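Residue-level listing of the chains:
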Amino acid sequence: MRNTMLDPAGPNEKTAIEVHVDCARSLVELTAVVNSACARVESAPETAALVLGLVGAPADRETWPGPVTIQEVNRWERAVRRLERLTAVNIAVASGTCGGPALDLLLAADFRIATPDLVLVLPRNEGRFWPGMSVYRLVQHLGLPRARRMVLSGAEVPVALQKELGLIDEECLDTGVAVRDMILMLDVGSGQELAIRRQLLLEAASADYDEALGAHLAACDRELRLLRTGGETASAADLTASAARS
């Protein structure tokens, strides 16, 4: 794990935390890695992005997550959810065969960068389909019809189709340059603003117009308050009250 300073001499100085995730490690070890990375970001609120380099793969891609307890599975899913809610943008960089934990982390990322050899595979445990939250996230990203075809067929997804479906944002050989360029282009404001943007995006995929309207009005009210107060951040209670009034 390391910190990287981007554009240190410029007006848009941004920092990123880079973490290499060895996806060949056990579920318990990977949970600890993800939680440690999240804690690092949470203790450094000025961090612009968390970059996860997804390396390695289970020795046998048919055995994820292996012989574990349901409590360990729950702790893993909570760690991935914690990653999704960070106050910094999270970027996943993947190559080769991406299944099991790598697929979970890739789908939980805000932005996804891949090398041309990336192939997505659905997780299997002892030859049986593993019903983890990757299925939920595939539906969120693709919609039910496309996700249904992928999940029920179990087919591998080559990088060209991933890009077409929007599962990855950029395909390139030099992922380091792609990550740097992406971070420098980020314009997400505060951690609270990033959380609001994520919420609005997710609700747009599932809520109907009238349900989504309240959240959008609350976000608009927050921006108007910021303009009136010279940039002071509205509290969570203010946002809740705004949503209730709308």
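Model, not experiment: these values are computed from the prediction.

1. Remarks on the overall build of the chain
At step 1: The number of helices and strands found in the chain is ten helices and eleven strands.
At step 2: Of all intrachain contacts in the chain linking residues separated by at least 6 positions in sequence, the fraction that spans at least 24 positions is 67%.
At step 3: Surface accessibility of the chain: about 13000 Å² in total, with carbon and sulfur atoms responsible for 55%.

2. Observations concerning the nonpolar core
At step 1: Counting 46 residues, the largest nonpolar core has Val21, Leu50, Leu54, Leu83 and Leu138 as its most contacted members.
At step 2: For this core, the element with the highest residue contribution is helix H1 (residues 27-42), accounting for seven residues.
At step 3: What Leu83 contacts, discounting residues up to four positions off in sequence, is Val34, Cys38, Leu50, Leu52, Asn90, Leu105 and Ala108.

3. Brief notes about the sheet that holds strand S10 (residues 157-158)
At step 1: The three strands lie next to each other as S5-S7-S10, forming an open sheet whose pairing is mixed. The strands lining the two open edges of the sheet, one partner per strand, are strand S5 (97-98) and S10.
At step 2: In this structure, strand S7 (residues 119-120) lies alongside S10, joined through two bridges in antiparallel fashion. Considered in S10, the bridge of Leu120 is made with Val157.

4. Quick notes on the packing of aromatic side chains
At step 1: Under the counting rule described, the total for this entry stands at one aromatic pair.
At step 2: Seen from their ring centres, Trp64 and Trp76 are 5.9 Å apart, and the 75° between their planes marks the pair as edge-to-face. One end of the pair, Trp64, is in the loop between strand S3 (47-55) and helix H2 (70-84); the other, Trp76, is in helix H2, and twelve residues separate them in sequence. Considered together, Trp64 and Trp76 belong to a single accessibility category, that of buried residues.

5. Describing the pattern of salt bridges
At step 1: Going through the model one piece at a time under the given rule, you end up with four salt bridges.
At step 2: One salt bridge connects Arg225 with Asp221, and the closest N-O pair in it is separated by 3.0 Å. Within this pair, Arg225 and its partner Asp221 are both found in helix H9 (residues 209-229), separated by four residues, close to a single helical turn.
At step 3: Look at Asp221 and you get buried, because its relative accessible area is 19%.
At step 4: Residues participating in the shared-partner salt-bridge network are Arg81, Glu84 and Arg137.

6. Looking at the side chain of Asn90
At step 1: Mapping Asn90 onto the fold places it in strand S4 (residues 89-94).
At step 2: Among the polar contacts listed, one links the side chain of Asn90 to the backbone oxygen of Leu83, at a separation of 3.3 Å.
At step 3: Setting aside anything within four residues of it in sequence, one finds Asn90 in contact with Leu50, Leu83, Glu84, Ala108, Ala109, Asp110, Phe111 and Arg198.

7. Considering the environment of Asp110
At step 1: Turning to its location among the elements, Asp110 is positioned in the loop between helix H3 (100-108) and strand S6 (111-114).
At step 2: By relative accessible area, which is 24% here, Asp110 ends up partly exposed.
At step 3: Asp110 has contacts with Ala88, Val89, Asn90, Asp169 and Arg198, leaving out every residue within four places of it along the chain.

8. Side note on the packing of helix H4 (residues 134-142) against helix H5 (residues 144-153)
At step 1: In contact at an axis separation of 7 Å, H4 and H5 are set at 140° when each is read in the N-to-C sense. Judged by the inter-axis angle, H4 sits oblique to H5. The interaxial crossing formed by H4 with H5 has right-handed handedness. Between H4 and H5, the contacting residues are Val135, Leu138, Val139 and Leu142 on the first element and Leu144, Arg146, Ala147, Met150 and Val151 on the second.
At step 2: For the contact of H4 with H5, the class distribution of residues is eight nonpolar, no polar and one charged.

9. Quick look at the environment of Glu126
At step 1: Relative to the assigned elements, Glu126 resides in the loop between strand S8 (124-125) and strand S9 (128-129).
At step 2: Residue Glu126 is classed as exposed on the basis of its relative accessible area of 61%.

10. A closer look at the pairing of S6
At step 1: Bridge count between S4 and S6: four bridges; the pairing is parallel. Opposite Val93, over in S6, you have Ile113 as the bridge partner.
At step 2: Looking at chain direction, S6 and strand S11 (residues 170-171) are connected through two bridges and run parallel. Note that in S11 the partner of Ile113 across the bridge is Glu170.

11. Regarding the state of the cysteines
At step 1: Counted under the stated rule, the structure contains zero disulfides.
At step 2: Left without a disulfide partner, Cys98 is nearest to the cysteine sulfur of Cys23, which lies 7.2 Å away.
At step 3: With a relative accessible area of 1%, Cys98 lands in the buried category.

Calculation criteria
Residues numbered from 1 in each chain as written. Predicted model: local features only at pLDDT ≥ 70, side-chain atom pairs only at ≥ 80, totals over all residues. Heavy atoms only, no water. Helix = DSSP H or I, 4+ residues; strand = E, 2+ residues; numbered from the N terminus. Contact = heavy atoms within 4.5 Å. Areas by Shrake-Rupley, 256 points an atom, 1.4 Å probe, with all protein chains shown as cover. Core = buried A, V, L, I, M, F, W, Y, C linked by side-chain atoms within 4.5 Å. Buried < 20%, exposed > 50% of the residue type's maximum accessible area, 1.4 Å probe, protein only. Pairing = 2+ DSSP bridges. Phe/Tyr/Trp six-rings, centres within 6.5 Å; stacked < 30°, edge-to-face > 60°. Salt bridge = Lys/Arg side-chain N within 4 Å of Asp/Glu carboxyl O. Polar contact = N/O pair within 3.5 Å; in protein donor to acceptor, adjacent residues only side chain to side chain. Axes fitted to C-alpha atoms, helices over the stretch in contact; angles between N-to-C directions. Parallel < 35°, antiparallel > 145°, perpendicular 65-115°, else oblique. Left-handed = near helix turned anticlockwise from the far one by under 90°. Nonpolar A, V, L, I, M, F, W, Y, C, P; charged D, E, K, R; others polar. Disulfide = S-S within 2.5 Å.

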